[in-house]
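# Residue-level structure breakdown
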Amino acid sequence: MKFGIVGLSGVVVNFAVFWVCLNGLGLASLRSNVVATVIAIATNYLGYRYWLYRDRDAASRKREITLFLVYSGIGMLIETGVLGFVRYVLGLDSTYEQLGAKVVGLAIATVFRFISYRTWVFKALPEPADEPAAATSGQELAAQAELMLAAEQIRYAKAE
């Protein structure tokens, strides 16, 4: 449900900016699509990170943002590719034909993004283990925490 709300807000932003760029600013359809998609990607990231996936592992934001941008970029290529195919190969170039192509491209890209965000970008936190394994897991967790603390101390010392 939350993915749908964030996604729907991104779709509204995407189509609104696309419409303004195409009709208000007179940009070409592919350029309008790229501008609209980049702005929608930025608003979607905020919604996904701080509302939908706020309980997910955020240990490595740099990795998360990089993967989010890579998969969002691939989604943008899918969307723009469909729009370009309809416009330049099929020769359908009216505003409503371009909007229809955008809808199809966005639908395909949305499925791709949903799967990639959930699988690789916003990873779920690991579930607690069973009782016997929890003791071993607790020892491993303590060792990992000590390594992370040592790494942070080294990074802090380098920053000074």
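Here the structure is shown first, and the text comes after it.
All of these numbers come straight from a predicted model, not from anything done at the bench. (Residues numbered from 1 in each chain as written. Predicted model: local features only at pLDDT ≥ 70, side-chain atom pairs only at ≥ 80, totals over all residues. Heavy atoms only, no water.)

## Some details on a nonpolar patch on the surface
A contiguous nonpolar surface patch, about 400 Å² in accessible area, is contributed by Val-20, Leu-25, Leu-27, Val-35 and Ile-39. Positionally, Ile-39 belongs in helix H2 (residues 29-52). Among the residues examined, Ile-39 registers a relative accessible area of 37% and is labelled partly exposed. (Patch = residues over 30% accessible without salt bridge, like charges linked within 9 Å, V, L, I, M, F, W, Y side chains within 5 Å. Areas by Shrake-Rupley, 256 points an atom, 1.4 Å probe, with all protein chains shown as cover. Salt bridge = Lys/Arg side-chain N within 4 Å of Asp/Glu carboxyl O. Helix = DSSP H or I, 4+ residues; strand = E, 2+ residues; numbered from the N terminus. Buried < 20%, exposed > 50% of the residue type's maximum accessible area, 1.4 Å probe, protein only.)

## As for the pattern of salt bridges
A full pass over the atoms with the stated rule returns two salt bridges. Notably, a salt bridge pairs Glu-79 with Lys-102, separated by 2.4 Å at the nearest N-O pair. In this pair, Glu-79 is assigned in helix H3 (residues 61-89) and Lys-102 in helix H4 (residues 95-121), connecting sequence segments 23 residues apart. For Arg-113, the salt bridge goes to Glu-79, with nearest N and O atoms at 3.9 Å. With Arg-113 in helix H4 and Glu-79 in helix H3, the pair connects residues that are 34 residues apart, well separated along the chain. Neither residue differs from the other here; Arg-113 and Glu-79 are each classed as buried. Among the ionic contacts, a cluster of salt bridges with common partners joins Glu-79, Lys-102 and Arg-113.

## What to know about the layout of surface pockets
Roughly 190 Å³ of volume is contained in the largest pocket. Lining the largest pocket are 16 residues, and of these Gly-7, Asn-44, Leu-106, Thr-110 and Arg-113 lie nearest its centre. Elements with a contribution of two residues or more to the lining of the largest pocket: helix H1 (2-24), H2 and H4. Ranked by residues supplied to the lining of the largest pocket, first place goes to H1 with six residues. When the residues that make up the lining of the largest pocket are grouped by side-chain class, the tally is seven nonpolar, eight polar and one charged. (1 Å grid on protein atoms, 1.4 Å probe; cavity = no way out; pocket = protein on both sides within 12 Å on 5 of 7 lines; lining within 4 Å. Points joined across faces, edges and corners; volume = space filled by probe spheres on them. Nonpolar A, V, L, I, M, F, W, Y, C, P; charged D, E, K, R; others polar.)

## Section: the nonpolar core
Among the nonpolar cores identified, the biggest contains eleven residues, and these are Phe-15, Val-17, Phe-18, Cys-21, Leu-22, Ala-36, Leu-83, Val-86, Leu-99, Ala-101 and Leu-106. Among the elements of the structure, H1, H3 and H4 are those that each provide at least two residues to this core. A per-element tally of this core places H1 first, with five residues. Each residue touching Val-17, except ones within four places of it in the same chain, is listed here: Val-35, Ala-36 and Ile-39. In terms of nonpolar packing, the next biggest core, distinct from the first, is built from ten residues, Ile-41, Phe-68, Tyr-117 and Val-121 among them. (Core = buried A, V, L, I, M, F, W, Y, C linked by side-chain atoms within 4.5 Å. Contact = heavy atoms within 4.5 Å.)

## Looking at the packing of aromatic side chains
Counted under the stated rule, the structure contains two aromatic pairs. Here the aromatic rings of Tyr-45 and Phe-68 are separated by 5.0 Å at their centres, their planes lie at 65°, and the arrangement is edge-to-face. Note that Tyr-45 is positioned in helix H2 and Phe-68 in helix H3, a separation of 23 residues in sequence. One cation-aromatic arrangement involves Lys-102 over Phe-15; the distance from NZ or CZ to the ring centre is 5.5 Å. Here the basic side chain of Lys-102 rests over the ring of Phe-18, its NZ or CZ set 4.9 Å away from the ring centre. (Phe/Tyr/Trp six-rings, centres within 6.5 Å; stacked < 30°, edge-to-face > 60°. Lys NZ or Arg CZ within 6 Å of the ring centre and 35° of its normal.)

## Quick look at the environment of Gln-98
Within the fold, Gln-98 resides in helix H4. Judged by its relative accessible area of 5%, Gln-98 falls in the buried class. C-alpha separation for the pair Gln-98 and Val-86, spaced twelve residues apart in sequence, amounts to 7.5 Å. Sequence-distant contacts of Gln-98, defined by excluding residues within four places in its chain, comprise Leu-22, Ser-29, Leu-83, Arg-87, Leu-92 and Asp-93.

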